[in-house]
Amino acid sequence: DAGITQSPRHKVTETGTPVTLRCHQTENHRYMYWYRQDPGHGLRLIHYSYGVKDTDKGEVSDGYSVSRSKTEDFLLTLESATSSQTSVYFCAISEEGISPGLTYEQYFGPGTRLTVT
Amino acid sequence: QQQVKQSPQSLIVQKGGISIINCAYENTAFDYFPWYQQFPGKGPALLIAIRPDVSEKKEGRFTISFNKSAKQFSLHIMDSQPGDSATYFCAASYEYSNSGYALNFGKGTSLLVTP
């Protein structure tokens, strides 16, 4: 494992409630990412971070926000959960690659299965 | 819109056979092409990756073939084993400004290797 933990691993919540998912890394990597995985869609980028307090939107960012106050933690918040946000959420990390073979390699956490009822 | 198209969606191969999964892309700015392997209930794991300055990369039983002019790349699994049964994702990435190297994934191929 690449030193990535996600919490919670499973969560069931009701429509309209806020939900926060946590990604924690022990690798001191600069870049962190949140993806969602849905059948027939592969993995899609929600938000990413390129440093503490530096974040930007990905492909499917509507309804999500993120925060990164420490290098090791990247939080994903569903401001008002909807059934369409039922998914498996993966966090990934990558280091600032400057050497061949290291550039761009992303390592994924174990995922959080979120069900919105 | 899917920037990386992957086929087939599912694949059944006999033990000892060759599994081949194909991907195609349009964005010529992509310059890093990894393959990920995912088992049920687990996160994707980096399997092998290639940069466009080479046409082939081999690691054990896994080989990436890359055709830059056709904008296609493929994963070959030689001597496929039942333990290779998993979902495989191709992806493509490029560096943009200061903000990282987010991956664009294909939709995945479910591989079943039968005994």
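Each remark here, short or long, concerns the structure printed above.
Let me begin by describing the structure that accompanies this report. Keep in mind that this is a model prediction, so the values were computed, not measured.

## So, the overall build of chain A
In step 1: Assigned secondary structure in chain A consists of zero helices and 11 strands.
In step 2: Ordering the α and β elements of chain A from the N terminus gives β-β-β-β-β-β-β-β-β-β-β.
In step 3: For chain A, whose C-alpha radius of gyration is 14 Å, the value lies close to the compact-globule estimate of 13 Å for 117 residues.
In step 4: Based on the C-alpha atoms only, the size of chain A along its principal axes is roughly 45 × 30 × 25 Å.
In step 5: Taking all 117 residues of chain A together, 49% fall into the buried category.
In step 6: Of the roughly 5400 Å² that chain A leaves accessible, carbon and sulfur atoms contribute 48%.
In step 7: Between the mean site of the 11 positive side-chain charges and the mean site of the 14 negative ones, chain A shows a separation of 5 Å.

## Some words on the state of the cysteines
In step 1: The tally for this structure, following the rule as stated, stands at two disulfides over all chains.
In step 2: Bridging Cys-23 of chain A to Cys-91 of chain A, the disulfide has an S-S length of 1.9 Å. On the S-S bond that ties Cys-23 of chain A to Cys-91 of chain A, the torsion sits near -70 degrees, and the link is left-handed. Here the residue Cys-23 of chain A occupies a position in strand 3 (residues 19-25), and Cys-91 of chain A occupies one in strand 9 (residues 87-94), the gap between them amounting to 68 residues.
In step 3: With a relative accessible area of 0%, Cys-23 of chain A lands in the buried category.
In step 4: Linked covalently through their sulfurs, Cys-23 of chain B and Cys-90 of chain B form a disulfide whose S-S length is 1.8 Å. For the disulfide bridge between Cys-23 of chain B and Cys-90 of chain B, the dihedral angle about the S-S bond is near -95 degrees, and by the sign convention the bridge is left-handed.

## Here we look at the pattern of salt bridges
Oppositely charged side chains can form a pair if their charged atoms are brought close together.
Residues and elements named next belong to chain A.
In step 1: A complete count under the given rule lists eight salt bridges over all chains for this structure.
In step 2: Across the salt bridge formed by Arg-22 and Asp-73, the nearest N and O atoms sit 3.1 Å from each other. Here Arg-22 is found in strand 3, whereas its partner Asp-73 is found in strand 8 (residues 73-78), with 51 residues between them in sequence.
In step 3: Residues Arg-36 and Asp-38 are paired through a salt bridge, measuring 2.8 Å at the closest nitrogen-oxygen approach.

## Examining the nonpolar core
Residues and elements named next belong to chain B.
In step 1: Counting 24 residues, the largest nonpolar core has Val-4, Phe-33, Trp-35, Phe-73, Leu-75, Tyr-88 and Leu-111 as the members making the most contacts within it.
In step 2: Of all the elements in the fold, those that place two or more residues in this core are strand 2 (10-14), strand 3 (19-25), strand 4 (33-38), strand 5 (45-50), strand 7 (62-67), strand 8 (72-77), strand 9 (86-92) and strand 11 (109-114).
In step 3: With four residues, strand 9 is the single largest residue contributor to this core.
In step 4: In this structure, Val-4 is in contact with Cys-23, Ala-24, Phe-30, Phe-73, Cys-90, Ala-92, Asn-104, Phe-105 and Gly-106, ignoring residues within four places of it in sequence.

## Considering the interface of chain B and chain A
In step 1: With 25 residues of chain B in contact, the opposing surface of chain A contributes 22 residues.
In step 2: The interface formed by chain B and chain A holds zero salt bridges in total.
In step 3: In this assembly, chain B and chain A are joined by three residue pairs in polar contact (both at pLDDT 80 or more).
In step 4: When its residues are assigned to classes, the side of chain B that touches chain A shows 11 nonpolar, nine polar and five charged.

## Focus on the packing of aromatic side chains
All names here are of chain A.
In step 1: Throughout the structure, instances matching the rule amount to 18 aromatic pairs over all chains.
In step 2: Ring plane angle 35 degrees and centroid distance 6.5 Å describe the contact between Trp-34 and Phe-74, whose orientation is recorded as tilted. Placement of Trp-34 in strand 4 (residues 31-38) and of Phe-74 in strand 8 is noted, with a sequence separation of 40 residues between them.
In step 3: Given a relative accessible area of 0%, Phe-74 falls into the buried group.

## Some thoughts on the layout of surface pockets
In step 1: By volume, the largest pocket amounts to about 620 Å³.
In step 2: Considering the residues around the largest pocket, the lining is formed by 30 residues, among which Gln-37 and Pro-39 of chain A together with Gln-38, Thr-87 and Phe-89 of chain B are closest to the centre.
In step 3: Elements with a minimum of two residues in the lining of the largest pocket: strand 4, strand 9 and strand 11 (112-116) of chain A together with strand 9 and strand 11 of chain B.
In step 4: Looking at the lining of the largest pocket residue by residue, the classes come out as 10 nonpolar, 15 polar and five charged.

How each quantity is defined
- Per chain, the residues get numbers from 1 upward, laid out in the order the sequence is written.
- Naming scheme: in the order in which they are written, chains are lettered from A and ligands are numbered from 1.
- In view of the model being predicted, local features appear only for residues whose pLDDT reaches at least 70, and side-chain atom pairs are presented and counted only at 80 or more, with totals across whole chains, interfaces and linings using the full set of residues.
- Neither water nor hydrogens contribute to the side-chain values; these are computed over all heavy atoms in the structure.
- For helices the rule is a DSSP run of H or I covering at least 4 residues; for strands it is a run of E covering at least 2, with both sets numbered from the N terminus onward.
- Two things to know: the radius of gyration comes from C-alpha atoms, and the globule rule equals 2.2 Å times the number of residues to the power 0.38.
- Think of it in three bands: with a 1.4 Å probe and only protein chains considered, a residue is buried below 20% of the maximum accessible area for its type, exposed above 50%, and partly exposed in between.
- Each accessible area is a Shrake-Rupley estimate made with a 1.4 Å probe; only the visible protein chains count as cover when residues are assessed.
- For the charge count, each Lys or Arg is scored as positive and each Asp or Glu as negative, with His and the chain ends excluded.
- The location of each charge is read from NZ of Lys, CZ of Arg, CG of Asp or CD of Glu.
- Any two cysteine sulfur atoms within 2.5 Å of one another count as a disulfide.
- The salt bridge definition used is simple: a Lys or Arg side-chain nitrogen within 4 Å of an Asp or Glu carboxyl oxygen.
- Put simply, a nonpolar core is a bunch of buried Ala, Val, Leu, Ile, Met, Phe, Trp, Tyr and Cys residues held in one set by side-chain atoms that sit within 4.5 Å of each other.
- By definition, residues are in contact when any of their heavy atoms lie within 4.5 Å.
- Nitrogen and oxygen atoms within 3.5 Å of one another constitute a polar contact, given that in protein one can donate a hydrogen and the other can accept it, and given that sequence-neighbouring residues count only through two side-chain atoms.
- Residues are grouped as follows: Ala, Val, Leu, Ile, Met, Phe, Trp, Tyr, Cys and Pro are nonpolar; Asp, Glu, Lys and Arg are charged; all remaining types, including Gly, are polar.
- Here the aromatic set is Phe, Tyr and Trp, taking the six-membered ring for Trp, and pairing holds for ring centres within 6.5 Å; pairs whose planes are under 30 degrees apart are stacked, those over 60 apart are edge-to-face, and all others are tilted.
- Grid points spaced at 1 Å over the protein atoms alone were grouped into cavities, where a 1.4 Å probe fits but cannot get out, and pockets, open sets with protein on both sides within 12 Å along at least five of seven lines, with lining residues defined by an atom within 4 Å of a point.
- Grid points are joined across faces, edges and corners, and a volume is the space filled by probe spheres set on the points.

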